[in-house]
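Each chain, written out:
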Amino acid sequence: MEVDRNEEVQGEIHLRLEVVPGTHASRLRCSVLEGRDLAPKDRNGASDPFVRVHYNGRTQETSVVVNVQRLCSARQEEGWFRLQPDQSKSRRGEGNLGSLQLEVRLRDETVLPSICYQPLVQLLCQEVKLGTQGPGQLIPIIEETTSAECRQEVATTLLKLFLGQGLAKDFLDLLFQLELGRTSEANTLFRSNSLASKSMECFLKVAGMRYLHGILGPIIDRVFEEKKYVELDPSKVEVKDVGCSGLHRPQTEAEVLQQSAQTLRTHLVALLSALCRSVRACPAMVRATFRQLFRRVRERFPSAQHQNVPFIAVTSFLCLRFFSPAIMSPKLFHLRERHADARTSRTLLLLAKVVQNVGNLDTPVSRAKEAWMEPLQPTVRQGVAQLKDFITKLVDIEEKEGKDFPTLDLQRALNSQAPPVKEGPLFIHRTKGKGPLASSSFKKLYFSLTTEALSFAKTSSSKKSAFIKLASIRAAEKVEEKSFGSSHVMQVIYADDVGRAQTVYLQCKCVNELNQWLSALRKVSINNTGLLGSYHPGIFRGDKWSCCHQKDRTDQGCDRTHSRVTLQEWNDPLDLDLEAQLVYKHLLGVEAALREKQRLLSGETETSSPTDRGGAPKDPLAQLLCVLQDLREAHSSSLAGASPREPHHLLELQT
């Protein structure tokens, strides 16, 4: 069997190689006797193998390595030869896909019972409720002792923690005040990667993602579908042919620039129109937070020369840190399934630049950066007026409207934002016939996963039929490649109406899609009763499992399930205990800096301990250090006894 190193390689072939003497020259005879465990390449799951032999310098593509000297002396060689990737292709520069360096960090967190984290959570919540009163505030001290490398992670964890406590708006308001208190120049407000900026970014992704999809979705889809060539920079213009067949003429640079400007105007006008109509569609929690930001900035910079600063503060988050990144990378914001090609990426980049100019309220500094954006200036100036009018209406919200929403449970809010957890086309496995003549194939259907069931239909617009109830799912796992000849197949194990275990096999179009579906299925079924601890990564074919060759079809499984292995996404279910554990772990890492800060604030010597039990310390920082000590002891006790909960494994990839 000819083996391509970039495709699936598996199985063995039984060969007999003979050197047959001849009158003038010897001949090499290759007999294929048998094959086993070969990859099924046909649609019915079978395989029709063949062998292509290249020898004597004519080619170097053979995947079977034979000792020719020993073969010549023995005149015959017979045995099983394992198929392996042919390394000669890479040496010739063919099929070389390059290399990727990854930094992988596996973090194992032991999460204690909720009661252990209550003192920590209550202390942090009390500090947020008090606001900026007193010199020993915990939030600014945490920000001061947090390095730039882990600021994003700390901001995300703290925001999720306060979201679960209904204090997200209060937490962000405190960060706004702290940032304003140390900012003297209005032009640099919220431009750094501070805890306030990072926390607000995370907040918008959690609370405003559906809103973003409603505004940008149709425009991004149009850009991808049109695939127009758009370029405003004269130094990058590519002249191309235009016209009907037989009447082609080169398009001039001026025509390219003119058409590109018109295309961007159309997209910008559509975006601003959708934005201006969306005031009521914007979540009340987002509007209330922007209202607080607008009010705090106006109090800090009340003069007439700073009248635009409150608007720029809002647009620095809404446009520069939310809309523009989503336009440049729509896949990262779940607006598209795939990354854009080079032409579409350039269009999106130029559109994002125009949106940033509008968000900057068309300041002279932004105009001076790229003079070739001048043709869009009339549209930008008109957009600035529209954007300011939109922000004025956006922050015009009653205080009670903003207060009601944060008290809601976060998960209810997220569930109301995205009815389908995951949806898209999948191929479902069908088996025809029984016994050795049975054939299998995959049929394409449109699947939708909600918080109630996994359903399917012929198309996305067809009426969906309930397929598997969410509560009946027992496991969602990957199927080994040799089972169906594809590495993108998953299995969903569930209990039918009478409690019997059933398995359905679904094929995805790529490995990314496979991981997304597995993650989504595991997240929505994580609290199901009866989750399996083991499964079969293969399939039951003939009279045995292909993975472990066990003949009992009801065997429990030969591999562990991975029910807690999921992708981290903006709409993940909130685990308050895990967030509290991550906060504790971070504070434990900076404990020495916290103790030094406490010593400086209290004027005590290094030998004095803030954790003395003579009386409850009144200083919040001293209380925090006591809480950390208690949690440290609780973790030590949990390690000595039984584990209170299954550990959370967080796998992070950095490229």
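Residues numbered from 1 in each chain as written. Predicted model: local features only at pLDDT ≥ 70, side-chain atom pairs only at ≥ 80, totals over all residues. Heavy atoms only, no water.

## Remarks on the overall build of the protein chain
Summing up its helical and strand segments, the protein chain has 20 helices and 18 strands in all. Here the protein chain, with 655 residues, has 43% of them falling under the buried criterion. For the protein chain, contacts bridging at least 24 residues in sequence account for 67% of all contacts bridging at least 6. When the accessible area of the protein chain is evaluated, it comes to approximately 35100 Å², of which 49% is carbon and sulfur surface. (Helix = DSSP H or I, 4+ residues; strand = E, 2+ residues; numbered from the N terminus. Buried < 20%, exposed > 50% of the residue type's maximum accessible area, 1.4 Å probe, protein only. Contact = heavy atoms within 4.5 Å. Areas by Shrake-Rupley, 256 points an atom, 1.4 Å probe, with all protein chains shown as cover.)

## Considerations on unusual backbone geometry
Of note in the backbone geometry, His-334 takes a positive phi value of approximately 60 degrees without being a glycine. Relative to the helices and strands, His-334 resides in the loop between α10 (309-328) and α11 (342-359). Owing to a relative accessible area of 38%, His-334 belongs among the partly exposed residues under this scheme. Positive phi is not limited to glycine here, since His-549 has a value of about 65 degrees. Inspection of the secondary structure assignment puts His-549 in the loop between β16 (544-545) and β17 (559-560).

## Topic: the packing of α10 against helix α13 (residues 377-394)
Helix-helix packing is characterised by the crossing angle of the two axes and by the distance between the axes. Contact pair α10 / α13: the axes reach a minimum separation of 11 Å and the direction vectors enclose 95 degrees. The angle between α10 and α13 falls in the class roughly perpendicular. Residues Phe-311, Val-314, Thr-315, Leu-318 and Cys-319 of α10 form the contact with α13, whose participating residues are Leu-387, Lys-388, Phe-390, Ile-391 and Thr-392. The class makeup of the residues in the contact of α10 with α13 is seven nonpolar, two polar and one charged. (Axes fitted to C-alpha atoms, helices over the stretch in contact; angles between N-to-C directions. Parallel < 35°, antiparallel > 145°, perpendicular 65-115°, else oblique. Nonpolar A, V, L, I, M, F, W, Y, C, P; charged D, E, K, R; others polar.)

## Points about the confidence of the model for the protein chain
Of all residues in the protein chain, 75% attain a pLDDT of 70 or more, and the chain-wide mean is 79. Low pLDDT (under 50) marks residues 89-93, which in the prediction has eight contacts with non-local residues, meaning those over four places away or in another chain. Counted against residues more than four places away or in other chains, residues 402-418, with its pLDDT under 50, gives 25 contacts. (pLDDT = per-residue confidence, 0-100.)

## Observations concerning the nonpolar core
Leu-216 and Phe-290 are the most contacted members of the largest nonpolar core, which totals 112 residues. By residue number, the principal contributor to this core is helix α7 (residues 195-226), which donates 17 residues. Apart from the residues lying within four places of it in its own chain, the contact partners of Leu-216 are Leu-271, Phe-323, Ala-326, Ile-327 and Leu-335. One finds Phe-447, Leu-454, Trp-517 and Leu-518 within the second-largest nonpolar core, a separate group that totals 21 residues. (Core = buried A, V, L, I, M, F, W, Y, C linked by side-chain atoms within 4.5 Å.)

## Observations regarding the packing of aromatic side chains
On inspection of all chains with the given rule, the structure shows 11 aromatic pairs. Where Phe-176 meets Phe-317, the ring centres are 6.4 Å apart and the plane angle is 40 degrees; that geometry is what we call tilted. With a gap of 141 residues between them, Phe-176 in helix α6 (residues 168-181) and Phe-317 in helix α10 connect regions that are remote in the sequence. A relative accessible area of 1% places Phe-176 in the buried class. Cluster of aromatic residues (ring-pair linked, three or more members): Phe-176, Phe-190 and Phe-317. Its guanidinium or amino end placed over the ring of Phe-224, Arg-336 lies 4.2 Å from that ring's centre, counting from NZ or CZ. (Phe/Tyr/Trp six-rings, centres within 6.5 Å; stacked < 30°, edge-to-face > 60°. Lys NZ or Arg CZ within 6 Å of the ring centre and 35° of its normal.)

## What to know about the side chain of Glu-143
Position of Glu-143 relative to the elements: it lies in helix α4 (residues 138-144). Here Leu-195 takes part through its backbone nitrogen, which lies 3.2 Å from a polar atom of the side chain of Glu-143. Leaving out residues up to four positions away in the same chain, Glu-143 has contacts with Arg-182, Ser-194, Leu-195 and Ala-196. (Polar contact = N/O pair within 3.5 Å; in protein donor to acceptor, adjacent residues only side chain to side chain.)

## A short note on the pattern of salt bridges
Counted according to the given criterion, the structure contains 19 salt bridges. For Arg-182, the salt bridge goes to Glu-179, with nearest N and O atoms at 3.2 Å. A residue is classified by how much of its surface remains accessible, and Glu-179, at 3% relative accessible area, is buried. Salt-bridge contacts for Arg-295 lead to Glu-299; the nearest nitrogen and oxygen are separated by 3.1 Å. Within this pair, Arg-295 and its partner Glu-299 are both found in helix α9 (residues 284-300), separated by four residues, close to a single helical turn. (Salt bridge = Lys/Arg side-chain N within 4 Å of Asp/Glu carboxyl O.)

## Here's the deal with the state of the cysteines
As enumerated under the stated definition, the model contains zero disulfides in all. Cys-558 provides the cysteine sulfur closest to Cys-548, a residue in no disulfide bond, and the two sulfurs are 3.9 Å apart. Judged by its relative accessible area of 22%, Cys-548 is partly exposed. (Disulfide = S-S within 2.5 Å.)

## Let's talk about the side chain of Glu-179
With respect to the helices and strands, Glu-179 occurs in helix α6. Those residues in contact with Glu-179, other than ones at most four positions away along the chain, are Leu-189, Phe-190, Ser-192, Ser-194 and Ala-196.

## Quick notes on a nonpolar patch on the surface
A contiguous nonpolar surface patch, about 310 Å² in accessible area, is contributed by Leu-100, Leu-102 and Val-104. Relative to the helices and strands, Leu-100 is located in the loop between α2 (88-91) and β4 (103-109). (Patch = residues over 30% accessible without salt bridge, like charges linked within 9 Å, V, L, I, M, F, W, Y side chains within 5 Å.)

## Overview of the packing of α6 against α9
Their axes nearest at 10 Å, the elements α6 and α9 cross at an angle of 20 degrees. Relative to α9, the element α6 lies roughly parallel. α9 is crossed by α6, and the crossing has right-handed handedness. Taken together, the residues of α9 that come into contact with α6 (itself represented by Ala-168, Lys-169, Leu-172, Asp-173, Phe-176, Gln-177 and Leu-180) are Met-285, Ala-288, Thr-289, Gln-292, Leu-293, Arg-296, Val-297 and Arg-300. Taken together, the residues of the contact of α6 with α9 sort by class into eight nonpolar, three polar and four charged. (Left-handed = near helix turned anticlockwise from the far one by under 90°.)

## Brief notes about helix α8 (residues 253-276)
Helix length check: α8 (24 residues) gives 34 Å between terminal C-alpha atoms against 34 Å at 1.5 Å per residue, within 8%. Turning to α8, its buried residues number three or more, namely Val-256, Ser-260, Ala-261, Thr-263, Leu-264, His-267, Leu-268, Leu-271, Leu-272, Ala-274 and Leu-275. Elements in contact with the buried residues of α8: α7, α10, α11 and α13. (Expected span 1.5 Å × (residues − 1).)

## A few points about the environment of Leu-531
By the secondary structure assignment, Leu-531 is in the loop between α17 (511-524) and β14 (534-535). Given a relative accessible area of 30%, Leu-531 falls into the partly exposed group. Residues Leu-531 and Thr-561 lie 30 residues apart in sequence; the distance between their C-alpha atoms is 9.1 Å. The contacts of Leu-531, once residues within four sequence positions are left out, are Ile-473, Arg-474, Ser-525 and Ile-526.

## Structural notes on the pairing of strand β13 (residues 501-507)
Note that strand β12 (residues 489-495) and β13 share seven bridges and pair antiparallel. Looking at β13, one finds that Tyr-494 is bridged to Gln-502. Counting the residues between successive antiparallel strands, the hairpin from β12 to β13 contains five residues, one of them, Gly-499, with a positive phi of roughly 90 degrees. (Pairing = 2+ DSSP bridges.)

## Here we look at the environment of Ile-526
Looking at the secondary structure, you find Ile-526 in the loop between α17 and β14. Taking relative accessible area as the criterion, Ile-526 reaches 25% and is therefore assigned partly exposed. The sequence separation of Ile-526 and Ile-473 amounts to 53 residues, and the corresponding C-alpha distance is 9.4 Å. The contacts of Ile-526, once residues within four sequence positions are left out, are Leu-531, Ser-563 and Arg-564.

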